[in-house]
Amino acid sequence: MQKRKRRFLEKGQNLMMLRTLRLEKAKKAEQQKELTINNALTKCKLTSSEVVPDIDNLLKNNTIGNLVESLGHGNRNKIRANAADALAHIASGSSEHSNLIAKAGAVPRLIRLIQSTDLEVSEMGILCLGNLLHFAPNLRDFMITNGVVQKLISIIQAKSTCTLMLSHVTWVIRKLCISSPTSRPDNVDEIAQALNVLLYNPEDKILEDALMAVRNLAHENETIPMLLDLGVVPRIIYLLEHPNVLVQNAALQALINIASGTEEQIQELLNNNLLPHLSALMSNSDLDIRCHVLRILQNVADGNTFQRQAIMNAGLLHKILECLKGEAIPLKSAAALTISTLVIDKDKNLLYYLMRQGVIPELCNLLLSQETDIIYNVLDMLSTMLDVDPSFLAEVSGIIEWSGALNNIRILQSNEQEEIAVVARKIISSYFPDKPDIATKF
């Protein structure tokens, strides 16, 4: 009996020792995992003097594999958050770094992190996904297939979501909306509805990213009707009055793409009082703001005769001419393109008004531009002015000669862009056939 009892006790002691050994082994493994992640964090965090480890080094040490494994459910939240943070830094190295992380199986695990009840884990997962998208946009469809959109929308819809987290989510959605070479997102309607909610958020950064996401969606003409049906246009136009220039800029970029749609879609913008807002912004001191306004006006002018007339009726023509006569080349070029679209109808009264406003010398100066679309549109406008009415011919041709543009037009006859060469040859052969060729450097 005593022997049996002793054997039982010894067996119990052995089991306890075995359990202790297992616990110690698990603890060491956990410590090793933490050490691996901490080493990765130390190596991968970027400062002004540090760089992300090269691909060969990462593969040799299996750094990415270890970090991806550490994202799993069996690890403590701190480990998972730190692993996602380290992967986000590695992703910022290059597209190759980001694709290597995805190939290691990180994307599904990172998407699962989004719904973690631990705020830090969820935040790091979102930021890592955003970095992967930023440096490797080709991963967009793969992420969407793995359900990232639904997870992000659930965070937007949750009333308890903090502003910082909402800002991260909006940034990732902005990246998801970038046009793909293959297709637009399948659940674009869900994304658009979420953006319509975000456009009413009071935070500047959230507004900016939401507007840029709308811009990205509107890059595809097929999505413009859906955005109009959701009623985003009045809100975007309202945000043109926002005090933050970055929000204004983003709103204008969204409207540029929306205004590239059909005549009916352009009319929807005009019906929401777009032009008075644009008129106010034409006096803005920010060069980019004014350039964006001119691009919208160019798209509106590309609509129909009534929409072009609406621009005139809003008193915008003289403001466009002020930009043409300014010093900034980007502004002059944008104004020239807008005017060239406004004169599509070859209205003699409009052309006469432009001549009286001294437009021709300004246009001639732009023949020195390096942008082929600017050169072509200037030549086309000069050709229209020469051709529209015989009574204009002497004055227009005289100004072209006086400004020194005639020789530039001669040189453009041999431009490598055939459409430019054709218009230049037409002007010379039709209106200046007997004028001598003056040797001037172009």
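Residues numbered from 1 in each chain as written. Predicted model: local features only at pLDDT ≥ 70, side-chain atom pairs only at ≥ 80, totals over all residues. Heavy atoms only, no water.

Note: most peptide bonds trans; most residues except glycine with negative phi. Even without a glycine there, the phi angle at N273 is positive, about 60°. Mapping N273 onto the fold places it in the loop between α16 (263-271) and α17 (274-281). Judged by relative accessible area, N273 falls into the partly exposed class, the value being 47%. The backbone of K346 shows a phi angle near 55°, a positive value even though the residue is not glycine. Positionally, K346 belongs in the loop between α21 (329-342) and α22 (348-356). Judged by its relative accessible area of 45%, K346 is partly exposed. (Helix = DSSP H or I, 4+ residues; strand = E, 2+ residues; numbered from the N terminus. Buried < 20%, exposed > 50% of the residue type's maximum accessible area, 1.4 Å probe, protein only.)

Another aspect to go through is the pattern of salt bridges. Should their charged atoms come close, side chains of opposite charge can pair. The full count for this structure, using the stated rule, is 10 salt bridges. Its salt-bridge partner being D209, residue R174 comes within 2.6 Å of it at the nearest N-O pair. Of the two residues, R174 is situated in helix α10 (residues 163-176) and D209 in helix α12 (residues 204-218); the sequence distance between them amounts to 35 residues. When the shortest N-O distance is used, the salt bridge between E362 and K332 registers 2.8 Å. Taken as a pair, E362 in helix α23 (residues 359-365) and K332 in helix α21 lie far apart in primary sequence, 30 residues in all. Judged on exposure class, the residue E362 and its partner K332 are both buried. Connected through shared salt-bridge partners, R174, K205, E208 and D209 make up one network. (Salt bridge = Lys/Arg side-chain N within 4 Å of Asp/Glu carboxyl O.)

Before going further, it helps to spend a moment on α10. In an α-helix, one turn spans 3.6 residues; hence positions three or four apart end up facing the same way. Given a rise of 1.5 Å per residue, 14 residues ought to cover 20 Å, and the 20 Å separating the end C-alpha atoms of α10 matches this to within 8%. With 11 of 14 residues buried, α10 is to be regarded as a mostly interior element. (Expected span 1.5 Å × (residues − 1).)

Further remarks concern the environment of G147. Tracing the sequence through the fold places G147 in the loop between α8 (140-145) and α9 (148-157). Classification of G147 as buried rests on a relative accessible area of 13%. In sequence terms G147 and P108 are 39 residues apart; their C-alpha atoms lie 8.7 Å from each other.

Moving on: the side chain of T170. Note on placement: T170 falls in helix α10. The class for T170 is buried, based on a relative accessible area of 0%. Beyond its immediate sequence surroundings of up to four residues, T170 is in contact with L198, I206, D209 and A210. (Contact = heavy atoms within 4.5 Å.)

The residues that UniProt annotates with the feature "repeat: ARM" (unreviewed entry) are residues 105-132. In this annotation, residues 105-132 is assigned 79% helix and 0% strand; the end-to-end C-alpha distance for the span is 13 Å. (UniProt positions renumbered as here; feature names shortened; annotations may be inferred.)

Along the chain, L382 falls in helix α24 (residues 372-387). Distance in space between the C-alpha atoms of L382 and V423 is 9.7 Å, their sequence separation being 41 residues.

At a minimum axis distance of 8 Å, the contact between helix α4 (residues 77-91) and helix α5 (residues 95-103) shows a crossing angle of 140°. In this view, α4 runs oblique relative to α5, as classed from their interaxial angle. When α4 is examined against α5, the residues L87, I90 and A91 are found in contact with a partner set consisting of H97, S98 and I101. Its residues assigned to classes, the contact of α4 with α5 shows 4 nonpolar, 2 polar and no charged. (Axes fitted to C-alpha atoms, helices over the stretch in contact; angles between N-to-C directions. Parallel < 35°, antiparallel > 145°, perpendicular 65-115°, else oblique. Nonpolar A, V, L, I, M, F, W, Y, C, P; charged D, E, K, R; others polar.)

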